[in-house]
Amino acid sequence: MAEPKTKYDRQLRIWGEQGQTALEKASICLLNCGPTGSETLKNLVLGGIGSITVVDGSKVENGDLGNNFMVSESSLGQPKAKCVCAFLQELNDAVKAKFIEEHPVTLIETNPSFFSQFTLVVATQLVEDSMVKLDRICRDANVMLIFARSYGLSGFVRISVKEHAVIESKPDHFLDDLRLNNPWPELKEFTENIDLDTSDPVAHKHTPYILILVKMAKEWAKGHSGRLPSTREEKREFKELIKSKMIALDEDNYKEAIEASFKVFASRGISSNLTRILDDTCSEVESSSSDFWVMVAALKEFIANEGGGEAPLEGSIPDMTSSTELYVNLQKLYQAKAEADILVVEQRVRDILKKIGRDPYSISKAVIKSFCKNARKLTVCRYKLIEEEFNSPILPEMQKYLTDEEYSVAVGFYILLRAVDRFSANYNTFPGQFDGAMDEDISRLKTTAVSLLSDLGCNGSTLTEDLINEMCRYGAAELHAVAAYIGGLITRQFVPMRGTFIFNGIDHKSQLLSL
Amino acid sequence: MADATTQQSSRSRDLDKLLLRPGHLVGPAFEPGTELRDDLQKYVRILVVGAGGLGCELLKDLALSGFKNLEVIDMDRIEVSNLNRQFLFRLEDVGKPKAEVAAKRVMERVSGVNIVPHFCRIEDKELEFYSEFSIIVLGLDSIEARSYINAVACGFLEYDSNDNPQEQTMKPMVDGGTEGFKGHARVILPGMTPCFECTIWLFPPQVKFPLCTLAETPRTAAHCIEYAHLIKWDEVHSGKSFDPDNPEHMQWVYLEAAKRAELFGIPGVTYSLTQGVVKNIIPAIASTNAIISAACALETLKIASGCSKTLSNYLTYNGVEGLHTKVTEFVKDKDCLVCGPGILIELDTSVTLKMFIDLVEDHPKLLVSGASVTHRGKNLYMQAPPVLEEMTRSNLSLPLFELMDKFPKGVVHVTGTAGKGDNRQSCLRKLRVAFKGVDGITDTDMAGGA
Ligand SMILES: [Zn+2]
C-alpha cells in the first residue's frame, strides 16, 4: 500500500485534507458502464473515492472493445458491470467496488428505494423517460444526481439536487480581504504609527503597500467628505497622489500600491451575492435546518452586530515588497482579527444551536473556522427538477440561445438530444442507428424536433438541416474520446455547474445553458 | 438488416458511424468509407510526446479512436505521486520507465494496437525520427519541451518561391496542457495556424523571486525555502550540486528553510511546500487530464480522417468555478522565426561550414551556440555524440556550398542552445541559405526574405 499522502500529493495541493476526506467518505452509484460511465468512475477511483457500485445489465460485445478501455477480449460475453468493476478495483485497492448485474431501467421501475443509500448517483446514457423518473426518486431521497450522455460528437451533463451549499468554493480571482478603505481599530492604530514621509530611504522603500493604501485612502476621504475615489478621473488622481509620495524610481512598494489601488476602490461591506444568501428564507433556522444554514444565521447576526456590516476577516495577506518585520507584524494583525471574528461567530453558532434545541457542539470548530474564512465566497446552488426543465424551460433564454450564433450549435444539440429520445420512444430505435433508412430517419427526426420546439413554445425557430443530418449520422454512437471528455466533466465538481452543459465536439463551442 | 448485424458485432461499431457515412459538417477532404477506416489503421502513425498524466490518457484515447500505429516518447520513470491520475501505472511499476509501462498496458487492453515506446529525451532523437509521423500529439508539462517539438515539426515545413507554405510538408501538431483545474487543447497546422512560438506570450515565464528579497527581506515560507535551496546550499556544499530527487537533499533544504523561517518569525514552511516550491510542482488531478486528452484525441482523429471540422484553433477549459470552455482563434505571427519561411542568410560560395557556424553564433536574431548543422537529413556537423563529431569534423573546413551539393539555395537546420545564463535551452532553427552570384538567384527570389 502506497503512502496515501504521497499518492494523492498532486491533488491534496488543490483540495486539501478536508476535500480528500469528503471524497473518501462518498459512495457512488453508476448506472450503465459504457465508456461514459466507466471513464467517470476511473477518475474518481484514482482520486480515492470511498465506494462505488456499478449497475449494468448488458453483456460485453465486440463493439464494446472498440470504445471501452475497461473491457478486453477476455471479457466477451461476460457481464459488463463485473468486468468494469474488476478493472476499477485494480486501479485502487483502497476503494470498495461492487457491481449489480441489472438494467438500470428495471431498477428505477422496481426498486426506487435502492438509490437512497448513495451520496451520488451518476446516470449515464439514460433516455428522457427514465431520467424523469430517477430524478423524482433521488430528489425525494435527497441524493445528488448527475446525468450524462455521449452521443456521436455531442453530449450533455446536468446536475440535479434540491440544494447544494458550497463553503470552500476556491474561486480563481477573488479580491483579497484587506479592509484598506475600512480598517478595524487595530489596523488603524498600526498604520498611524508608521511615518510614510520617513527620511530613511531604506525604510521608505520597504513600507508594505497595505499601509500606504490605508493611509492614502484616509487622506483622500478627508479631502472628499468621506467618499472614496469612484470616477475614472478620481481614480487617476488617487494614483497620482500615491506616485507623488515616491522618493526614488526603484520603489517597488509604491509601484505595487499603484497597481493594487483598485482594492481601495472596491465598495465596503458585503457583496450582493452574499446578501442574497443571508436574505434566503432558509436562514431563519429551525431544529431541522442544515449545519450550513445554522452557520449562515450566525453569520447574519455577526455582520449586523460585531462585524459592522463586514463579514469575518479572512486573515491572510498576499506577498508584497516589505521589510520582514513589518510584513510579519501585519500578518499577525490580520490573523488575530480573523481569529477574534471566528470566536464571535462560533459563540453565535453555539447559541443558535441551543435555541433550536440541538447539541451546541454538533458543529465542529474546524468547520466553523473554514466557514468564516470563506464567508465572502459562499455559494448555494439549487436545481430544477429535470421534468420541469423539459416541460417548461425558461423561454426567453431558449429564444436567446436559438438566435445567438455562439450558442446555435449547442442549443441545436440540446433540442436534438431530446428529439432522439422521443424518436426512440416512437420507433424503438435511434435515428441512423442502422444503415439503410437514413433518408427516412432524417425526415422523421426533423419532424420530431419541430414538434418538440413547438411544444416548448419556440414556434418558428428552426434547426439547420446540417445539424439534423449530423445527428442521424451519429446513430447513437458512443465514441471513446467524447465519453472520456464527458466522464472528465462529471468528475470535476468543486462548485457544481449550474444549468445543462452541452458538449459540442464539432468545433468545441460547448455551452452551459440555463433553462 | 444483415449488414446491420455484422456492424453490431464489429469492434468499430461506434467509430464506423463517423468514418463510413457522409456528412455536411466535415473536413474538406473527407472521403467516408471502409478504405478510410483501414487507412487510419494501416498508414497513419501518431507520436505521443510525454507519458505522464496527459500521455497515459492520450494513448488510451487514441488506441480507442481507430489508430493502430502509435509511438510514445518520455524520459521519466514512474513515481508514487503519479498514481492518482496516471492510471496505466501500478504501485509495482514505480521506478520503471513511463513510456515502456504505458505502451505495454495499453497494448494488453486494446488488441491489435502497436505502441513503440522510446525511453529517452526528446532531443536525443534525430530529426528524421520525427519526420516519420503523420501527426504529433503533445502531452507535456514543460514550455521548453513544447517549444523544442514545435520547432522540430515546423522545421519540416517548406515554402514555395512565393513564400506560400507547401501543404504536403506540413506536420500537424495537437497540443494539450493542464494545471490543476485548468487546461488547454490546441491544433497547430504549421504555416496555416499559429505555432507555439507565434503565441509564446500565452505562457509567461515563471516569476522568480529577486535574490535580494531572499537574502535580505524574506516574507513568505517560499522565500525561506528558495533561500535554502538557491543560496544556502551552494554556500555549504561548495561544488556539490543540488538534486531535487534526492530525499536527503530535500530534507536538508526543508530544515534550513524552517530554521530561517523561525529566525524571521515566518509561518508555513512544511516538507510538502518545500517540495512544491523547489520542484515547481504543478498540482494535477485526473479529471482535467481526461478532458484535455479527450479533446486532443478527438482533434487528432478529425485531422487524420476529416470526419468533422476541426477546432480552430485554441480551446481553454477552466473548471475552477463551475465550468467554462472557450474557443479562441489566434492568428499567426507572420514574422515568426519558427513557422515562417525562415531567416535568410546570404553567403559567398567560399564560406566554410566553420565560418557559417560562427556566423550563426553571432547573428543577433539567432545566437545559437554549440551549433550542429543538418541539410536534408544529412549531418553536416554534429557536436555530439563524440563518434559523430569525429565523423563530421572534417566537414568544418569545406565550403558550405559544396556540402549543400552546389544548390544555389536551400534550407539548413541548426540545433544548439540559445539564451543566456540560466535561461539556456535547446533550440532548433531553420535557416534559408542563398549563395551569392550563383545562377538561379534573382532579385525577386531574394525579396521575400529576412
Ligand atoms: Zn510560429
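Residues numbered from 1 in each chain as written. Chains lettered and ligands numbered in written order. Predicted model: local features only at pLDDT ≥ 70, side-chain atom pairs only at ≥ 80, totals over all residues. Heavy atoms only, no water.

An unreviewed UniProt entry lists chain B under the name NEDD8-activating enzyme E1 catalytic subunit, with Cynara cardunculus var. scolymus given as the organism. For chain B, the Function (unreviewed entry) comment in UniProt is given as "Catalytic subunit of the dimeric E1 enzyme, which activates NEDD8." (UniProt positions renumbered as here; feature names shortened; annotations may be inferred.)

Per an unreviewed UniProt entry, chain A goes by NEDD8-activating enzyme E1 regulatory subunit and derives from Cynara cardunculus var. scolymus. Chain A has a UniProt comment under Subcellular location (unreviewed entry) that states "Nucleus". Entered under Sequence similarities (unreviewed entry) in the UniProt record, the comment concerning chain A runs "Belongs to the ubiquitin-activating E1 family. ULA1 subfamily."

J.: Would you explain the pairing of strand β2 (residues 51-55) of chain A in this entry?
T.: A regular strand places its side chains so that they alternate between the two faces of the sheet. Residues and elements named next belong to chain A. Burial analysis of β2 places five of its five residues in the buried class, which makes it a mostly covered element. Burial along β2 is two-sided: S51, T53 and V55 facing one way and I52 and V54 facing the other are all buried. One ladder, built from five bridges, connects strand β1 (residues 27-31) with β2; its direction is parallel. From the neighbouring strand, L30 faces β2, where its bridge partner is V54. In the classification by handedness, the crossover that spans β1, the intervening helix α3 (residues 35-47) and the parallel β2 is right-handed. Sheet topology places β2 next to strand β3 (residues 96-100); five bridges connect them, and they run parallel. (Buried < 20%, exposed > 50% of the residue type's maximum accessible area, 1.4 Å probe, protein only. Helix = DSSP H or I, 4+ residues; strand = E, 2+ residues; numbered from the N terminus. Pairing = 2+ DSSP bridges. Right-handed = clockwise from strand over helix to strand, strands pointing away.)

J.: It is not clear to me how the coordination of the zinc ion should be interpreted in this structure. Could you clarify?
T.: Residue and element names in this part refer to chain B. For the zinc ion, the full set of protein donor atoms is C195 (SG), C198 (SG), C336 (SG) and C339 (SG), and the range of their distances to it is 2.2 to 2.3 Å. Here the zinc ion binds four donor atoms, and the angle range of 97 to 118° at the metal identifies the geometry as tetrahedral. For the zinc ion, the single-chain donor residues occur in sequence as C-x2-C-x137-C-x2-C. Like C336, the residue C339 is buried in the burial classification. (Donors = N, O, S within 2.8 Å, 3.2 Å for Na, K, Ca; no water. Tetrahedral: all angles 85-135°; square planar, octahedral: opposite > 155°, others 65-115°.)

J.: Explain the interface of chain A and chain B here, please?
T.: Put simply, an interface is often sized by how much accessible area is lost when its parts join up. With 85 residues of chain A in contact, the opposing surface of chain B contributes 86 residues. Of the roughly 7100 Å² buried at the junction of chain A and chain B (both faces included), carbon and sulfur atoms supply 59%. Applying the counting rule to chain A against chain B returns eight salt bridges. Salt-bridge contacts for E39(A) lead to K60(B); the nearest nitrogen and oxygen are separated by 2.6 Å. On the surface where chain A and chain B come into contact, there are 27 residue pairs in polar contact (both at pLDDT 80 or more). Ranked by the residues each element gives to the side of chain A that touches chain B, the list is headed by helix α23 (residues 480-491) of chain A, at eight residues. Along the lines of polarity and charge, the residues of the side of chain A that touches chain B split into 37 nonpolar, 27 polar and 21 charged. (Contact = heavy atoms within 4.5 Å. Buried area = accessible area lost by both parts, 1.4 Å probe. Salt bridge = Lys/Arg side-chain N within 4 Å of Asp/Glu carboxyl O. Polar contact = N/O pair within 3.5 Å; in protein donor to acceptor, adjacent residues only side chain to side chain. Nonpolar A, V, L, I, M, F, W, Y, C, P; charged D, E, K, R; others polar.)

J.: What am I meant to see in the nonpolar core here?
T.: Soluble, globular proteins show a tendency: their nonpolar side chains are buried together. All names here are of chain A. Ranked by size, the top nonpolar core spans 161 residues in total, and within it F115, V121 and L134 carry the most contacts. If you tally residues by element for this core, the top one is helix α20 (residues 405-427), at ten residues. Not counting the four nearest positions on each side in its chain, F115 is found in contact with L31, L107, I108, V121, L134, I137, C138 and V143. (Core = buried A, V, L, I, M, F, W, Y, C linked by side-chain atoms within 4.5 Å.)

J.: Is there a simple way to think about the UniProt feature "active site" (unreviewed entry) in chain B in this case?
T.: Under the local residue numbering, the UniProt record ascribes the feature "active site" (unreviewed entry) to C212(B). Relative to the elements of secondary structure, C212(B) occurs in helix α8 (residues 211-216).

J.: What is the right way to look at helix α22 (residues 465-474) of chain A in this model?
T.: For an α-helix the count is 3.6 residues per turn, leaving residues at separations of three or four pointing the same way. Burial analysis of α22(A) places eight of its ten residues in the buried class, which makes it a mostly covered element. Burial in α22(A) covers these residues: L467(A), I468(A), N469(A), E470(A), M471(A), C472(A), R473(A) and Y474(A). Of the surrounding elements, those touching the buried residues of α22(A) are β5 (144-151), β6 (154-160), α20 and α21 (438-455) of chain A together with α2 (13-20) of chain B. Just past α22(A), the residue G475(A) takes up positive phi, approximately 45°.

J.: Help me out: how do you make sense of the sheet that holds strand β8 (residues 324-328) of chain B in this one?
T.: Two pairing modes exist for strands in a sheet, parallel and antiparallel, and in both the strands are linked by backbone hydrogen bonds. Residues and elements named next belong to chain B. Here we have eight strands laid out as an open sheet, ordered β3-β2-β1-β4-β5-β6-β7-β8, and mixed in their pairing. A strand with exactly one partner marks an edge of an open sheet, and here the two such strands are β3 (114-118) and β8. The average angle at which neighbouring strand axes cross in this sheet is 15°, direction not considered. Sheet topology note: the strand β4 (residues 135-139)/strand β5 (residues 173-179) ladder contains four bridges and is parallel. Residue pairing in the sheet places I136 in a bridge with M173 of β5. Contacts from helix α5 (residues 98-109) reach β2 (69-73) and β3 within the one sheet, and its direction differs from that of β3 by about 170°. Together, β1 (45-49), β4, β5, β6 (182-188) and β7 (314-318) form the strand contacts of helix α12 (residues 286-305), whose direction differs from that of β5 by roughly 175°. (Axes fitted to C-alpha atoms, helices over the stretch in contact; angles between N-to-C directions.)

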